[in-house]
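Take a look at the letters that make up each chain.
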Amino acid sequence: MTEYLGETVSAVIDGIVKGSEQRISRALFKLAVQSAIQSHILAAVTDVDEIDVGKLYGMCTEDVRRTNGIIDFRNAYKYQKED
């Protein structure tokens, strides 16, 4: 009885985890596509040189690391509008 219950619980948990992985993967793929579209649109309409892009990449990487991925648009807006 204990073996059966252990195997059943394990199978159920495994199914839940695999289903969650698939849903998360699909959501991340869709998000990445939207992010790529936004990047290409912004690249097409802005005049930013490669050096500034490199600096921005480093700054954004640090912001994401520091804030655990919670970026506030208002803070980014204030930073970009500073003289």
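In this report, the structure presented in the accompanying data block is examined. Quick caveat, the model's predicted, so the values are computed rather than measured.

Observations concerning the overall build of the protein chain
Phase 1 of the analysis: Scanning the protein chain from N- to C-terminus turns up 3 helices and 0 strands.
Phase 2 of the analysis: Walking the protein chain from its N terminus toward its C terminus, one meets helices and strands in the order α-α-α.
Phase 3 of the analysis: For a compact globule of 83 residues, the expected C-alpha radius of gyration is about 12 Å, and the protein chain comes in at 21 Å, more than 25% above that figure.
Phase 4 of the analysis: The C-alpha extent of the protein chain, read off along each of the three principal axes, is 70 × 25 × 20 Å.
Phase 5 of the analysis: Taken over 83 residues, the protein chain has a buried fraction of 1%.
Phase 6 of the analysis: Mean positive and mean negative side-chain charge positions of the protein chain (10 and 13 charges, respectively) differ by 6 Å.

Digging into the pattern of salt bridges
Phase 1 of the analysis: Inspection of every chain in the model, using the stated rule, returns 4 salt bridges.
Phase 2 of the analysis: Salt-bridge contacts for Lys18 lead to Asp14; the nearest nitrogen and oxygen are separated by 3.3 Å. Taken together, the residues span about one helical turn, with Lys18 and Asp14 both in helix α1 (residues 2-45) at a distance of 4 residues.
Phase 3 of the analysis: Assessed through its relative accessible area of 46%, Lys18 is described here as partly exposed.
Phase 4 of the analysis: Overall, the relative accessible area of 38% leaves Asp14 in the partly exposed class.
Phase 5 of the analysis: Ionic pairing is found between Arg66 and Asp63, a salt bridge with its closest N-O pair at 2.6 Å. Residue Arg66 and its partner Asp63 are located together in helix α2 (residues 50-67), separated by 3 residues, close to a single helical turn.
Phase 6 of the analysis: On the accessibility criterion, Asp63 (23% relative accessible area) is partly exposed.

Some thoughts on unusual backbone geometry
Phase 1 of the analysis: Positive phi is not limited to glycine here, since Asn68 has a value of about 60 degrees.
Phase 2 of the analysis: For Asn68, the position within the fold is in the loop between α2 and α3 (73-81).
Phase 3 of the analysis: Classification of Asn68 by relative accessible area gives exposed; the value is 70%.

Some details on α3
Phase 1 of the analysis: With 0 of 9 residues buried, α3 is to be regarded as a mostly surface element.
Phase 2 of the analysis: Structurally, the start of α3 carries an N-cap: the backbone nitrogen of Arg74 is 2.9 Å from a side-chain oxygen of Asp72.

Reading the values: rules and limits
- Residues numbered from 1 in each chain as written.
- Predicted model: local features only at pLDDT ≥ 70, side-chain atom pairs only at ≥ 80, totals over all residues.
- Heavy atoms only, no water.
- Helix = DSSP H or I, 4+ residues; strand = E, 2+ residues; numbered from the N terminus.
- Rg over C-alpha atoms; globule rule 2.2 N^0.38 Å.
- Buried < 20%, exposed > 50% of the residue type's maximum accessible area, 1.4 Å probe, protein only.
- Lys, Arg positive; Asp, Glu negative; His and termini not counted.
- Charge placed at Lys NZ, Arg CZ, Asp CG, Glu CD.
- Salt bridge = Lys/Arg side-chain N within 4 Å of Asp/Glu carboxyl O.
- Polar contact = N/O pair within 3.5 Å; in protein donor to acceptor, adjacent residues only side chain to side chain.

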